[in-house]
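Letter by letter, the chains look like this.
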Amino acid sequence: MTCEEAEVLIHALIDGELDAGHAREVEAHVEGCAHCAALMKEYQEIRQAIAESDLRYKAPLELRRKIEKSLPQPQAQAAPTRRSVLRGFALGSAVSAMAATGLVAIVLRNDDEQRIENEVVSAHLRSLQAGHLTDVISTDQHTVKPWFNGKLDVSPPVIDLTAQGFTLIGGRLDYVNAREIGAVVYKRRQHVINLFVAQTANTERKTAKISTLQGFNIRRWSDRGLNYWAVSDLGADELSEFGDKFEGAMRANKEG
Amino acid sequence: MVVNASQDDPEKARRFREAALPYLDDAYTLARYLLRDAADAEDAVQECYLRAYKHFDSYRGPAMKPWLFAILRNVCRAEYARRKTAPTAVEELPEGGEQTPLWNEAPETPEKQLLRRFDGETVRKLVAALAEPFRETFVLREIQNLSYREIADVAAVPVGTVMSRLARARAMLRSAWLAEQEQAK
Ligand SMILES: [Zn+2]
């Protein structure tokens, strides 16, 4: 491989877009070529710097409002019931025929879950930008909990887990899956945990699932009509511990 | 004129809201970089969402973001045409200009020192100064996190073109970065 070729291909290598065979070829060239190795290192540094800079823009509220206004208004503001979701599929001509088969239904649901998890991770990333983490700052659950009242249909549970090693930092309103939801913010050491809580029409309890997206861990579960997503750069074990402690404290609260 | 009854369907609107509105910031960000003007970007995104809603019935998924971007890109191209100046418009690129091999830009020997870190404002400026179509490719990859395949779909070019454009974009950004670093000394 020549340097000319490598200078193009190192980008695909950095982006993880090369198949294994080509990746090995480029890596072999870079190993034996000081010029390309140094160049690749620089590109990686620039890429890192770009990733850490806040290069995104936030859409003006006025734009969001204008777009909202141009769409037909929903009949009711209530969260969609399962029935209305199904009716939605029935109306979508493209999907209805396929939705009859269980396989596609599963694919659709996974897509939806995946999409929401993507949004939750984006919201987590946004919150890490300077000044975005909390709307209300307090380590006192009796300050954070009432702050949510009136701002959301259902306030998220706010639980002090300091004794269990997770410090309550505050709360925030966020925007996920096209609606406003509550985020309760915790810290362990320097790691931020965002606990996103959204109301759901489904009251069925769903046990925790851990997934990883863009380098963040997500612990997702449902209980008593609320969906939870805990997102953090903490390891999966510590994030699981957080979830277990939270669920344990919730049970203790209900029983006590 | 045929009136599409589903146009006013609240159920369709609800599905559209849930599918498309979460990408509003993404769309606005892309429009800002493509048009380099806040007011034009706002208009373009609004137009994009109107068109997307109109064509939502034909949307087959699965990825909403690239689908929206493809629409937005067309809106922005219309805006380039309206401006007429269009030195940055994709279609205005001189014949064969894009094929100029990367190595003709002769990347200087990489610096021994670490690259300087700039504040977000400076980095935005450097990215915004990239020429099209390299800026578009760069923003879709580095700020919007699209895969090469998705970028190819948005820009309606082969994946190989995405790869070479991205290589050019990064080489240009690196040169600009080093120049900025030199100036800041
Ligand atoms: Zn080389």
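What you see is a predicted model; the values in this text were computed from it and never measured.

Draft legend 1. Seen up close, the sheet that holds strand β5 (residues 206-213) of chain A. All names here are of chain A. Pairing is antiparallel in the open sheet, where seven strands are placed in the order β1-β2-β3-β4-β7-β6-β5. Pairing within the sheet leaves two strands with one partner each, and these edge strands are β1 (136-137) and β5. Across nine bridges, the pairing between strand β2 (residues 167-176) and strand β3 (residues 179-188) is antiparallel. Of the residues in β3, the one forming a bridge with Tyr 175 is Glu 180. On top of the sheet, helix α8 (residues 141-148) reaches β1, β2 and β3; it is set at about 15 degrees to β2, its chief contact.

Draft legend 2. Broad picture of the interface of chain B and chain A. Taken together, the 58 residues of chain B in the interface contact 54 residues of chain A. When the buried area of chain B at its contact with chain A is split by residue, B:Arg17, B:Asp25 and B:Arg124 rank highest and sum to 12% of it. Close ionic contact of B:Asp25 with A:Lys58 constitutes a salt bridge, the shortest N to O distance being 3.5 Å. Remark: the boundary between chain B and chain A carries 17 residue pairs in polar contact (both at pLDDT 80 or more). Sorting the residues of the side of chain B that touches chain A by element identifies α1 (10-20), α2 (24-35), α3 (38-54), α5 (120-128), α6 (134-143) and α8 (159-184) of chain B as the ones contributing at least two each. With ten residues, the single largest contributor to the side of chain B that touches chain A is α8(B). For the side of chain B that touches chain A, the residue count by class is 32 nonpolar, seven polar and 19 charged.

Draft legend 3. Structural context of the UniProt feature "domain: Putative zinc-finger" (unreviewed entry) in chain A. Look at the UniProt record and you will see "domain: Putative zinc-finger" (unreviewed entry) annotated at residues 3-37 of chain A. Across residues 3-37 of chain A, the secondary structure splits into 83% helix and 0% strand, with the terminal C-alpha atoms separated by 10 Å.

Draft legend 4. Representation of the packing of helix α1 (residues 3-14) of chain A against α8(B) in the model. Relative to each other, α1(A) and α8(B) sit at 100 degrees, their axes nearing to 9 Å. Taken as axis vectors, α1(A) and α8(B) run roughly perpendicular relative to one another. Here α1(A) contributes A:Glu7, A:Val8, A:Leu9, A:His11 and A:Ala12 to the contact with α8(B), which in turn contributes B:Met163, B:Ser164, B:Ala167 and B:Arg170. Of the residues contributing to the contact of α1(A) with α8(B), the split by class is five nonpolar, two polar and two charged.

What counts, and where the lines are drawn
Residues numbered from 1 in each chain as written. Chains lettered and ligands numbered in written order. Predicted model: local features only at pLDDT ≥ 70, side-chain atom pairs only at ≥ 80, totals over all residues. Heavy atoms only, no water. Pairing = 2+ DSSP bridges. Helix = DSSP H or I, 4+ residues; strand = E, 2+ residues; numbered from the N terminus. Contact = heavy atoms within 4.5 Å. Axes fitted to C-alpha atoms, helices over the stretch in contact; angles between N-to-C directions. Buried area = accessible area lost by both parts, 1.4 Å probe. Salt bridge = Lys/Arg side-chain N within 4 Å of Asp/Glu carboxyl O. Polar contact = N/O pair within 3.5 Å; in protein donor to acceptor, adjacent residues only side chain to side chain. Nonpolar A, V, L, I, M, F, W, Y, C, P; charged D, E, K, R; others polar. UniProt positions renumbered as here; feature names shortened; annotations may be inferred. Parallel < 35°, antiparallel > 145°, perpendicular 65-115°, else oblique.

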